Amino acid sequence: MQVTSDYQAAIDNATKLITGSKGGNVVINRDADGHPTEILIMDTTDVNIAKNVWRWNAGGFGYSSTGINGPYTVAITMDGQIVGSFIAALKITGEQIDGGTITGATLKTSNLSDYIIVHNQYVDLYIAGVLQMRLGIAAMSGNKYPYIAFGNTAADIMTAKTYVWYAHDDAGGHLTINTDGALNLLSDSEVAINAPDVYLVGNIYKNGSPL
C-alpha cells in the first residue's frame, strides 16, 4: 500500500536524522529572577551565531535554519497550529481541508461505502461500494473527448454498455448516447444511436427547425 510505504519512509528518515545527531548544544534562557523561560537546542552554544535552532517556550516550539529569530518553518504553537512543509501520517481526522492539490486520493463519505477514486485519466464514483459512474477523457481519431459512463453494475461500466458522450466539433458539439457498447460517431456532424427502442421527450430538430 503506497500510503503505508510513504509513512514508513518518513519514519525511517526521522529516525535517521534524530539518532544520527550528536545532540546539539542545549541552552536554557532565564528571566531576571533566574527562572527558566525557554530551551534552545542549537548547532553552537552562542545564540548570536547559531543557525540551526530548536526553540521551545510558552508560545510553542519550532525549528529555524536561520538563527534564533527565525523564521520558524517547522513549529507547533500555543494557538493549536502546526506548521510544516511535509506531514506524514496514517490517518488525519478533521472537519475541513483547505488547499491546492491532493494526490493519490480516495475521497469517502462518513459511511465509507460511497466514495470517489481519482485516477490518471478518469474519476470513478462508487455507491454502496459498487462502481456506478466514470467521468473521464477518451482518445478517438487523434482527438480527446470527455465522457460519462454509467450503469447498474461495475461490469456495465467496464464494458461501456451505457455511455453519454459530448463530442466537440467546429459546429459547437453534439451529444452521443450509446447503449450497445460502441461509440457511433459517423462524422463531425452526424451521430447514430443504436438501441432496440428509443424514447424521445420533446421535439426533433434538423438544422434548427423541428421535424
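Above this text is the structure in question.
Since we're looking at a predicted model, the values are computed, not measured.

**Quick notes on the overall build of the chain**
Then, in step 1: For the chain, the helix and strand inventory stands at two helices and 15 strands.
Then, in step 2: The buried share among the 211 residues of the chain stands at 18%.
Then, in step 3: Considering only residue pairs separated by 6 or more positions, the chain has 7% of its internal contacts joining residues 24 or more positions apart.

**Comments concerning the pattern of salt bridges**
Then, in step 1: Under the defined criterion, the tally for this structure stands at two salt bridges.
Then, in step 2: Across the pair Arg55 and Glu38 runs a salt bridge, and its minimum N-O distance is 2.9 Å. Within this pair, whereas Arg55 is found in strand S3 (residues 53-57), its partner Glu38 is found in strand S2 (residues 36-42), the two being separated by 17 residues in sequence.
Then, in step 3: With a relative accessible area of 9%, Glu38 lands in the buried category.
Then, in step 4: A salt bridge links Asp124 to Arg134; the shortest N-O distance between them is 2.6 Å.

**Re the packing of aromatic side chains**
Then, in step 1: For the coordinates displayed, the defined rule picks out four aromatic pairs.
Then, in step 2: Measuring from centroid to centroid gives 4.7 Å for Tyr115 and Tyr126, while their planes differ by 15°, and the two rings are stacked. Placement of the pair is Tyr115 in strand S8 (residues 115-118) and Tyr126 in strand S9 (residues 122-127), with a sequence separation of eleven residues.
Then, in step 3: For Arg134, the ring lying beneath its charged end belongs to Tyr122, and the centroid distance is 4.0 Å.

**Remarks on the pairing of strand S4 (residues 60-64)**
Then, in step 1: Only one face of S4 is covered, namely the one carrying Gly60, Gly62 and Ser64; the face carrying Phe61 and Tyr63 has none of its residues buried.
Then, in step 2: Note that S3 and S4 share five bridges and pair antiparallel. In the strand pairing of S4, Arg55 is matched with Gly62.
Then, in step 3: In this antiparallel pair of consecutive strands, S3 and S4, the connection spans two residues.

**Topic: the side chain of Arg134**
Then, in step 1: Position of Arg134 among the secondary structure elements: in strand S10 (residues 130-140).
Then, in step 2: Polar contacts involving the side chain of Arg134 include one to the side chain of Asp124, which spans 2.6 Å.

**Regarding a nonpolar patch on the surface**
Then, in step 1: The grouping of Val26, Ile28, Ile39, Ile41, Trp54, Trp56, Phe61, Val74, Ile76, Ile82, Ile87 and Ile92 at the surface amounts to a nonpolar patch, some 1,200 Å² of accessible area in total.
Then, in step 2: At the level of elements, strand S1 (25-30), S2, S3 and strand S5 (74-77) are the ones that each hand at least two residues to the nonpolar patch.
Then, in step 3: In this structure Ile41 comes out as partly exposed when scored by relative accessible area, which is 34%.

**A word on unusual backbone geometry**
Then, in step 1: Put simply, Gly70 and Pro71 share a cis peptide bond, and its omega is 10°.
Then, in step 2: Relative to the elements of secondary structure, Pro71 occurs in the loop between S4 and S5.
Then, in step 3: Although it is not a glycine, Ala128 adopts a positive phi angle of roughly 55°.
Then, in step 4: One can find Ala128 in the loop between S9 and S10.

**Re the pairing of S5**
Then, in step 1: Relative to S5, S4 runs antiparallel, the two sharing four bridges. Across the sheet, residue Tyr63 finds its bridge partner in S5, namely Val74.
Then, in step 2: As judged from the two bridges shared by S5 and strand S6 (residues 82-83), these two strands associate in the antiparallel manner. Pairing of Ala75 across the sheet is with Val83, part of S6.
Then, in step 3: Here S5 folds back onto S6 in antiparallel fashion, the turn holding four residues, of which Gly80 has a positive phi close to 90°.

**Some points on the side chain of Thr44**
Then, in step 1: Position of Thr44 among the secondary structure elements: in the loop between S2 and S3.
Then, in step 2: Among all residues touching Thr44, those that are not within four sequence positions of it are Asn25, Ile49 and Ala50.

**Focus on the nonpolar core**
Then, in step 1: Val27, Leu40, Met42, Ala50, Val53 and Ile68 form the largest nonpolar core, which has six residues in total.
Then, in step 2: With sequence-adjacent residues up to four places away left out, Leu40 is seen in contact with Asn25, Val26, Val27, Asn29, Val47, Val53, Trp54, Arg55 and Ile68.

Reading guide: rules and limits
- Residues numbered from 1 in each chain as written.
- Predicted model: local features only at pLDDT ≥ 70, side-chain atom pairs only at ≥ 80, totals over all residues.
- Heavy atoms only, no water.
- Helix = DSSP H or I, 4+ residues; strand = E, 2+ residues; numbered from the N terminus.
- Buried < 20%, exposed > 50% of the residue type's maximum accessible area, 1.4 Å probe, protein only.
- Contact = heavy atoms within 4.5 Å.
- Salt bridge = Lys/Arg side-chain N within 4 Å of Asp/Glu carboxyl O.
- Phe/Tyr/Trp six-rings, centres within 6.5 Å; stacked < 30°, edge-to-face > 60°.
- Lys NZ or Arg CZ within 6 Å of the ring centre and 35° of its normal.
- Pairing = 2+ DSSP bridges.
- Polar contact = N/O pair within 3.5 Å; in protein donor to acceptor, adjacent residues only side chain to side chain.
- Patch = residues over 30% accessible without salt bridge, like charges linked within 9 Å, V, L, I, M, F, W, Y side chains within 5 Å.
- Areas by Shrake-Rupley, 256 points an atom, 1.4 Å probe, with all protein chains shown as cover.
- Core = buried A, V, L, I, M, F, W, Y, C linked by side-chain atoms within 4.5 Å.

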